[in-house]
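The chain contents come next:
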Amino acid sequence: MPDRSEPPDAFWNTPLPELCAGLEAALDGLSAAEAAARLDARGPNVLRPRREQALVLEFLSRFRNPLVIILLAASGVSALTGEVASFLIIAAMVLMSVTLDFVQEYRAGRAADRLRHSVAVRASVLRDGKSQDVPVSELVPGDVVVLAAGDLVPADGRVVEARDFFVNQALLTGEPYPIEKHAGESSELTTELAAAANAVFMGTSVISGSARVLVCRTGPATALGQIADTLLAKPPPTAFERGTRQFGLLIMRLTVLLVLFVLLVNAAFHRPWLESFMFAVALAVGLTPELLPMVVSVTLARGALRMMKKRVIVKRLSAVQDLGAMDVLCTDKTGTLTEARIRLERHVDALGRERERVLELAYLNSYFETGLKSPLDDAILRHEEIDASGWRKIDEVPFDFDRRRVSVLVERGETRRLVVKGAPEDILRLCTRYEADGLDALFPLDAESRPAIERVFDGLGSEGFRVLGIAWRDVPLDHPHAVVTDETELVFAGFAAFLDPPKASAAPALAALERDGVAVKIVTGDHELVTRHVCAQLGVAVTGVLTGTELHQLDDLALHAQVERVNLFCRVTPAQKTRILLALKRRGRVAGFLGDGINDAPSLHSADVGISVDSAVDVAKEAADLILLDRDLNVLHEGVREGRRTFGNVLKYIMMGTSSNFGNMFSMAASALVLPFLPMRPVQILLNNFLYDLSEIPIPMDEVDEEDLARPREWDIAFIRNFMVALGPVSSLFDFLTFYVMLGLFHAGEALFQTGWFIESIATQVLVIFVIRTRRHPFASRPNYWLVLMSLAVVAAAAALPFTPAGAYLGFVPPPPAFFGVLAALVLVYLAAAEGVKRVFYRRLAAKRVAVSAT
């Protein structure tokens, strides 16, 4: 591999031939073979390369769990004291538990990686002299990339060719407005990024125009990579992540208390210290929700895979649950509520008369504009009968969301003309004259004439037309550039009116979202009259309207007061969209945002759930948590229900851990007070825990009741705690009843007692899932086939184990036949009692919610 020198820090100061020589590159790009070699040598073009750990090391890292280390160390001590069989059995139990956890999480992680890669941002790059799309991560120094409006700049590079190329680099320099970039050498040496007019930098975005860029720095070597630690700080945890952490801490606190209690009791009764210590550690393993990370990962991954089948790609796994918790969705109407098959229907002058000249001016503007073409531009350009060949473009002022217009400076013969197209309100404000019969009839646009023109505009809007204003101004032939200050004293030509019919699927999708507790708020740049017309066609009741102008006059407190009532936000800017989302979040709403535009990235980041579409610009797709492969609210509705199904299954595992499992472990700790021996040997507790974990594996595949899918599902640690307080004592009560049966009826010694309670513990812990998994009667909600099969298999294995040679090694003895009859009766009564307590719990919960909603 030849030695390639790094480009200097300020590579934009280096003459281009010298820069190419240093990079051993040409302006027609690298060969595929050379690019592959450089990728191997330099690594991927990512800010923080992911270090793939060897599978063996990843597996061994699972043994760093403190409880596992203590357990293996203690069993090792027991082996040194002659208990070799016990050591081998405990080691086998630990190995099987760790392997189970590792395999499930590994598969879930790989599934999530495949989903992320399926929507990875790609770049157009010259390889072997031809343009081809490659993942951004595969770019190397020396590559030549082709950039256009809407693209993310994938690496630091030198502009070698540019056409009206404007870049937003606020991420790095803080400049609020797009900066034009040019090819050529620097006029003066500088080390400031903001002054590098011939260079672009990773992470910035292309606003308009096109360019070819020679890649000079990739990955951590880029300007963004050098400050990535500050920019890529870990985002604050989601409600779901906070909830799982709170649950883990709750269980760990209870575990510490019970373990200390057991150790103190055994010490007070002068029981063997090693056996007591092993028992306490095994009890801690049984109580610790060590399976929770695996269940969460597997459930979220399975939810993401199911969502993929429903045309939703998940980039951030926890967004699956966040989507289920979403109770308000902010979206534009174009392409979501409408077909996005926009047609230019009318082109009228200021007095509402059809005029071909309005179409000609609109066509010139759209034809020569180099920014990201909107659907309105596409509709205009379909009128190919307009001949623009006689005109030559001089310059342009690209569109931005503050001005809401785009201007092009064109020339033909002795005429140099600025043609402006944009939001009618803004265009009219900049005009001092209007034309009524072409260039020969120009009239003042004053307070007397303006109302008539505005009535034409309002009339078009009330008929459902999306409207653009078209204006122009002639400038001297020596006028060299178009600038924002040229957009004054314009002549108003007329209106271009477009139709975008409502989607047939939108009305039922909106009704379904509303029925399932998701309010939809339309946040659009369109005029209020147009948006109202679409809402009327879709049967959407307008509860309140705020325009961008009105919103600008509201402070955050005033917006906080109104944002709940209003469901139509019209003529809003990207910054105002973000304000709306933040106001909703301050009101405790879980807000989703659906956006696909260049300036939607801040709103996508601000939302609890950022949603984009596969056809969106790179900037929006990179910022989103979820990507819809079809721009259809029905697809999103399916995703919402899948998110709720995923959360419901995670909650089942947690509710199991806080009721039956915790109740059993509490009974085990309490028994130390009354029993002259350990209620279970440490190895038996570990086996109990392993079999219980095994029975829970199919939970991610389980069905969720319809009523649990019909409302947003949020994390509620108080609900979980209350459920534990209600159901946990029922489990402990039947454990103590089992103690009485074993000691009073069967006069059990240590081995028989441990055997009987082991079987009863497994049976009650595992079978109660069919009570806990639903709010309905257990027989009214069908569980997943694999959950039934695995649960029954685990209970059967526990019952059969004492009759096998392995049972003797574990300290079990065959119980008398009468035991199983008593066991069946105990389990049935326990399940009936658990069902009764569950129903009372949910009735009280429902009554409390009604009382809260009434107030």
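This text goes with the structure placed above it.
Residues numbered from 1 in each chain as written. Predicted model: local features only at pLDDT ≥ 70, side-chain atom pairs only at ≥ 80, totals over all residues. Heavy atoms only, no water.

**Q** Can you help me understand the pattern of salt bridges in this one?
**A** Overall, the coordinates contain 42 salt bridges when judged by the stated rule. Salt-bridge contacts for Arg466 lead to Asp526; the nearest nitrogen and oxygen are separated by 2.9 Å. Note that Arg466 is positioned in strand β16 (residues 466–475) and Asp526 in the loop between β18 (519–523) and α18 (528–538), a separation of 60 residues in sequence. On the basis of relative accessibility, which here comes to 14%, the residue Arg466 falls in the buried class. Judged by its relative accessible area of 8%, Asp526 falls in the buried class. A single network of salt bridges, built from pairs that share partners, joins Arg306, Lys310, Glu638, Glu642 and Arg645. (Salt bridge = Lys/Arg side-chain N within 4 Å of Asp/Glu carboxyl O. Helix = DSSP H or I, 4+ residues; strand = E, 2+ residues; numbered from the N terminus. Buried < 20%, exposed > 50% of the residue type's maximum accessible area, 1.4 Å probe, protein only.)

**Q** For this particular structure, what's the right way to read the packing of helix α25 (residues 682–696) against helix α28 (residues 750–767)?
**A** Each pair of packed helices can be summarised by the angle the axes make with each other and by the distance between the axes. Relative orientation of the contacting elements α25 and α28 amounts to 20 degrees, with a least axis distance of 10 Å. The orientation of α25 with respect to α28, classified from their angle, is roughly parallel. Crossing handedness for the pair α25 and α28: right-handed. Here Gln684, Leu687, Asn688, Leu691, Tyr692 and Ser695 of α25 come into contact with α28, specifically with Gln754, Phe758, Ser761, Ile762, Gln765 and Val766. Class assignment of the residues belonging to the contact of α25 with α28 gives a composition of six nonpolar, six polar and no charged. (Axes fitted to C-alpha atoms, helices over the stretch in contact; angles between N-to-C directions. Parallel < 35°, antiparallel > 145°, perpendicular 65-115°, else oblique. Left-handed = near helix turned anticlockwise from the far one by under 90°. Contact = heavy atoms within 4.5 Å. Nonpolar A, V, L, I, M, F, W, Y, C, P; charged D, E, K, R; others polar.)

**Q** Mind showing me how you'd approach the packing of aromatic side chains here?
**A** Two aromatic rings, taken as a pair, are described by how far apart their centres are and by the angle between their planes. For the coordinates displayed, the defined rule picks out 23 aromatic pairs. Ring geometry for Phe719 and Phe841: centres 5.6 Å apart, planes at 50 degrees, overall tilted. Of this pair, Phe719 sits in helix α27 (residues 717–745) while Phe841 is found in helix α32 (residues 817–854), placing the two residues 122 residues apart along the sequence. Judged on exposure class, the residue Phe719 and its partner Phe841 are both buried. Through successive ring pairs, a cluster of aromatic residues spans Phe719, Phe723, Phe841 and Tyr842. A cation sits over an aromatic face here: Arg417 above Trp472, 4.9 Å from the ring centre. (Phe/Tyr/Trp six-rings, centres within 6.5 Å; stacked < 30°, edge-to-face > 60°. Lys NZ or Arg CZ within 6 Å of the ring centre and 35° of its normal.)

**Q** I keep staring at the packing of α25 against helix α30 (residues 785–800) and nothing clicks. Help me out?
**A** One way to put it is that α25 packs onto α30 with a least axis distance of 8 Å and a crossing angle of 160 degrees. The angle between the axes of α25 and α30 places the two elements in the roughly antiparallel class. Viewed along their axes, α25 and α30 form a crossing whose handedness is right-handed. In this structure, α25 uses Leu691, Leu694 and Ser695 to contact α30, whose residues at the interface are Leu787, Met790, Ser791, Val794 and Ala798. For the contact of α25 with α30, a count of residues per class yields six nonpolar, two polar and no charged.

**Q** Mind showing me how you'd approach the sheet that holds strand β19 (residues 545–547) here?
**A** Taken together, the eight strands give an open sheet; going across it, the order is β8-β23-β22-β21-β9-β18-β20-β19, and neighbouring strands pair in mixed fashion. The open sheet terminates on both sides in strands that have one partner only, identified here as β8 (312–314) and β19. In this sheet, neighbouring strand axes are inclined to one another by 20 degrees on average, regardless of whether the strands run parallel or antiparallel. As paired strands, β8 and strand β23 (residues 626–628) are joined by three bridges and run antiparallel to one another. (Pairing = 2+ DSSP bridges.)

**Q** Help me out: how do you make sense of unusual backbone geometry in this one?
**A** Positive phi, normally seen in glycine, also occurs at Asp164, with a value near 45 degrees. Structurally, Asp164 is set in strand β4 (residues 156–168). At Arg311, a position not held by glycine, the phi torsion is positive, near 75 degrees. When you line up the elements, Arg311 lands in the loop between α11 (292–309) and β8. According to the relative accessible area criterion, Arg311 is partly exposed, its value standing at 37%.

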